[in-house]
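Results of the structural survey
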Amino acid sequence: MVTLLEEVAQKFYVVDSRFANHARVDYFDSLANQATGRKKFDYEYQKAIELLRAGEPAEAAKLFEKLQQELPQLAHSFTPKDRDLADKLQADIAQSYLRLGEQENCLINHTSASCIFPISSTGVHQLPQGSRKAIEHYTALLSRNPDALHYRWLLNIAYMTLGEYPDGVPEKWLIPLEKQSEHPVARFEEIAGALGVDVNDISGGSIIEDFDNDDFLDIMASSYGLRDQIHFFHNNGDGSFSDHTEKAGLKGITNSLNMMQADYNNDGFIDVLVLRGAWFEQQGRQPNSLLRNNSDGTFTDVTAEAGLLSFYPTQTATWSDFNNDGWLDLFIGNETAHRFSPNPCELYINRRGRFHNITKEAGVELAQYVKGVTSGDFDNDGWQDIYISTLYGQNYLFRNLGLGKNEQLKFEDVTEKAGLQEPMMSFPTWFYDYDNDGWLDIFVSGFKFSTEPGVSYNVAAEYLGLPNNAEKARLYRNNGNGTFTDVSEKVGISKSLYTMGSNFLDIDNDGWLDMYLGTGDPSFESLIPNKLFRNNTGKSFQDVTTSAGVGHLQKGHAVSAGDIDNDGDQDIYTVMGGAFEGDNYRNALFKNTYQESTSAGNNWIKIKFEGAKANKAAIGTRLKVTFTDAGRQRTIYRDVNSGGSFGASTLRAELGLGQATKIDKLEIKWAGSNRTQVFENILANQFVQIREGDSEVKKQDLKKLNLQKKKGGHDLHHAHLSDHQ
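These figures come from a predicted structure and were not determined experimentally. (Residues numbered from 1 in each chain as written. Predicted model: local features only at pLDDT ≥ 70, side-chain atom pairs only at ≥ 80, totals over all residues. Heavy atoms only, no water.)

1. Focus on the sheet that holds strand E5 (residues 218–221)
In plain terms, the rule: A pair of strands is treated as paired once DSSP finds two or more bridges between them. Only DSSP runs of H or I with at least four residues qualify as helices, and only runs of E with at least two residues qualify as strands; both kinds are numbered from the N terminus onward. Comment: axis = line fitted to C-alpha atoms, over the contacting stretch for helices; angle = value between 0 and 180 degrees taken between N-to-C directions.
Overall, antiparallel pairing links the four strands, which are arranged E4-E5-E6-E7 in an open sheet. A strand with exactly one partner marks an edge of an open sheet, and here the two such strands are strand E4 (206–209) and strand E7 (241–243). Looking at each pair of strands side by side, their axes are set apart by 20° on average, direction ignored.

Structure (structure tokens):
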């Protein structure tokens, strides 16, 4: 696989890819050197754009300013399409300076508060020149275009980076902060740099999981560049992490926008699926990787021998035992751009560690621009179903009909019957029971690409209470009869979120599932805060982003949740950085301080499930948990899975129990075998293991970790594609 990945990188025709920015700088420079007049101007303009995208904002600003001075001399060549050229050029200059300020302060002089919205305290820029220049240009633009909300939004951000928001912002341009919930939540601490897990790369995937069965959660992170190395951080069990990438045999395993974990061979050790090629369209015909966990701290690529070697662009997949035989199957959602040949989705049945493609026979040979897939038993019939989110067209719900003639697995498209065709442009998705009624609901977030005036315009409009044309997030409540109702408006999440990586978790152990949403799009103008929504007893979602301190402004990619320090609350690891080569940023690890900051905090339990007839990792296993919370009996429902479609949380069930001191009854319906087991009177605030068929709950003695700074410091630099071409 290492050799194959290097061949892919070498054959990649970079100039044709909008993400190969260093190569495009050289390309447009060569064209400009051979041109004169307007053609030379246009080539240099494109070169300046590529310089900015390549992470060279100072050089980009210099070239944009040169072109601005030349503009009057070219007035004779203007066409109606050029009427906004002067403003566009000035906006590019402003953006270059804003990016320069970010680079000098948030990257080179990084602090844990850098780029956390609203920017304050140690997040304020110590080198102010970039933001000062940006303010100068955005002010000029707004004087000519007072309704340009995208300039207004970025002007407010620039003032914020200087510690001059809101008082320093001219009143007519001020955008007030979005109203937040008054419900008190614990503040998260960003500690990725202190622990040495702040990979400084572009967009990618992440997994929080215990890969060596020592009961401590490790971290795996990937990046999107063709030669960007996947990183494996081992939790040492003493509050520190070590980079075990090379030791684990992962050197040369590169280039992934998303990863998902599963125990595909039922050996008791978690393996990894690495997904590749998303957004690259024709250049995206790249192989995925199945990394087998060798149970000795190393991984081996077994893609070809397992029967999973294919060449389609993707970033999304879901593991599930679709035929109920005790082995995890795999559905991969591929991307088909309309102007290219189809890249159908793939459904692989697992036959004791060897995969067989049954996509066509099963009726799921869908060829759409798929951006998210999730699996779950939405109709409670014991068979795992599939929901698919697409970027350009309707979404799909495929109901699993089970095994028919000749033991053939079949799915039925029930999208229209279920009322789930929309949204028409969407990205991340998941099944979960947000209202704890025993029926799986669906979250899917809109993702309408930025066109003029762009993402920032729509987000600013939302803050100001103005109409906008963004594709909104949807929450579909399961009605329990095969249909769903859109309750997004009712619960308060019908918003312009531009969600990418995202996942759900329980931030305060109250037994209601909250969600952390990574936001943005490829545009450098797309500086919008990630969002944390607290679930208010299934009735509404409260925006608690600011009080929790997790409103990161950088591009929000894969989101993973897990109790990394074993203190009882769930922490968040998220991949930052965008798609362009120079849009790199350090990944963030938000430590949840709920348990330590709340004297009478809610209780919790962590459970590791082990299947026997069910798949070993128990993926798809359903839990019904009944307990007495403050004198009132409650029931919560959970599935064992890694959560959302972009970012993978631990498969260990991490449950909040409110004020309950014990679980009165735990009912387990094991995936695949559909065996039901019941356990009673399990004490709260402990780690336990439950093996299918065993009559006893096994307690695990795990120590709480005091997370500590990595000795010797840490620095992982972003490597551009062009560095290796």
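2. Considering the packing of aromatic side chains
Put simply, the rule reads: A pair of aromatic rings is counted whenever rings of Phe, Tyr or Trp (Trp by its six-membered ring) have centres within 6.5 Å, and the orientation is called stacked for planes under 30 degrees apart, edge-to-face for over 60 and tilted otherwise. Throughout this description, buried means an accessible area under 20% of the type-specific maximum (1.4 Å probe, protein chains only), exposed means over 50%, and partly exposed covers the range between. By the criterion adopted, a ring carries a charge over it if an Arg CZ or a Lys NZ lies within 6 Å of its centre and within 35 degrees of its normal.
In total, this model carries 33 aromatic pairs according to the counting rule given. Consider the rings of Trp430 and Phe504, whose centres lie 5.5 Å apart with planes at 65°: the pair is edge-to-face. Taken together, the residues Trp430 in strand E20 (residues 426–432) and Phe504 in strand E24 (residues 499–505) connect sequence positions 74 residues apart. Across this residue pair, the class does not change: Trp430 and Phe504 are buried. With 6.0 Å between their ring centres and 55° between their planes, Phe524 and Phe580 make a pair best called tilted. Placement of the pair is Phe524 in the loop between strand E25 (514–519) and strand E26 (531–536) and Phe580 in the loop between strand E30 (571–574) and strand E31 (585–586), with a sequence separation of 56 residues. Residue Phe524 shares its accessibility class with Phe580, and that shared class is buried. By way of ring pairs, the aromatic residues Trp279, Tyr369, Tyr392, Phe427, Phe447 and Phe646 are connected into one cluster. Taking NZ or CZ as reference, Lys371 lies 3.5 Å from the ring centre of Trp279, over its face.

3. Structural notes on the pairing of strand E21 (residues 441–446)
Taken across its six residues, E21 has six buried, putting it largely inside the fold. A two-sided burial pattern is seen for E21, the buried positions comprising Asp441, Phe443 and Ser445 on one face and Ile442, Val444 and Gly446 on the other. For E20 and E21, the ladder comprises five bridges, and the chain directions are antiparallel. Bridging across to E21, Thr429 finds its partner in Val444.

4. Some remarks on helix H5 (residues 85–107)
Heads up, the rule is: Given a helix with a known number of residues, its expected span is that number minus one, times 1.5 Å.
Between the first and last C-alpha of H5 there are 31 Å, a value that for 23 residues agrees with the 33 Å anticipated at 1.5 Å per step. Burial analysis of H5 places 20 of its 23 residues in the buried class, the great majority of the element.

5. Overview of the pattern of salt bridges
To keep things clear, this is the line we draw: Every case where a carboxyl oxygen of Asp or Glu lies within 4 Å of a side-chain nitrogen of Lys or Arg is listed as a salt bridge.
A full pass over the atoms with the stated rule returns 39 salt bridges. Glu178 is paired through a salt bridge with Lys495; the nearest N and O atoms lie 4.0 Å apart. Placement of the pair is Glu178 in the loop between helix H7 (149–161) and strand E2 (189–190) and Lys495 in the loop between helix H13 (488–491) and E24, with a sequence separation of 317 residues. Its relative accessible area of 15% is what places Glu178 among the buried residues. Between Asp437 and Arg477 there is a salt bridge, with its nearest N and O atoms 3.5 Å apart. A residue pair is termed long-range when its members are at least 10 positions apart, and Asp437 in the loop between E20 and E21 and Arg477 in strand E22 (residues 474–478) qualify at 40 residues. By relative accessible area, which is 30% here, Arg477 ends up partly exposed. Each of Lys40, Glu44, Lys66 and Glu70 takes part in one network of salt bridges that share partners.

6. Observations regarding the side chain of Ser310
This is how it is decided: For this analysis, a polar contact is any N or O atom pair within 3.5 Å, provided that within protein one partner can donate a hydrogen and the other can accept it, and provided that sequence-adjacent residues contribute only side-chain to side-chain pairs. Residues are treated as being in contact if the distance between any of their heavy atoms lies within 4.5 Å.
Inspection of the secondary structure puts Ser310 in the loop between helix H9 (303–306) and strand E12 (314–320). A distance of 2.9 Å separates polar atoms of two side chains, one belonging to Ser310 and the other to Glu346. Sequence-distant contacts of Ser310, that is, excluding residues within four places in its chain, are made with Gln286, Pro287, Asn288, Glu346 and Tyr348.

7. Brief notes about the sheet that holds strand E16 (residues 370–376)
The strand order across the open sheet formed by four strands is E16-E17-E18-E19, and the pairing between neighbours is antiparallel. Whereas interior strands pair on both sides, the edge strands pair on one side only; in this sheet they are E16 and strand E19 (409–413). Taking the axes of each pair of neighbouring strands and ignoring which way they run, one obtains an average angle of 25° across the sheet.

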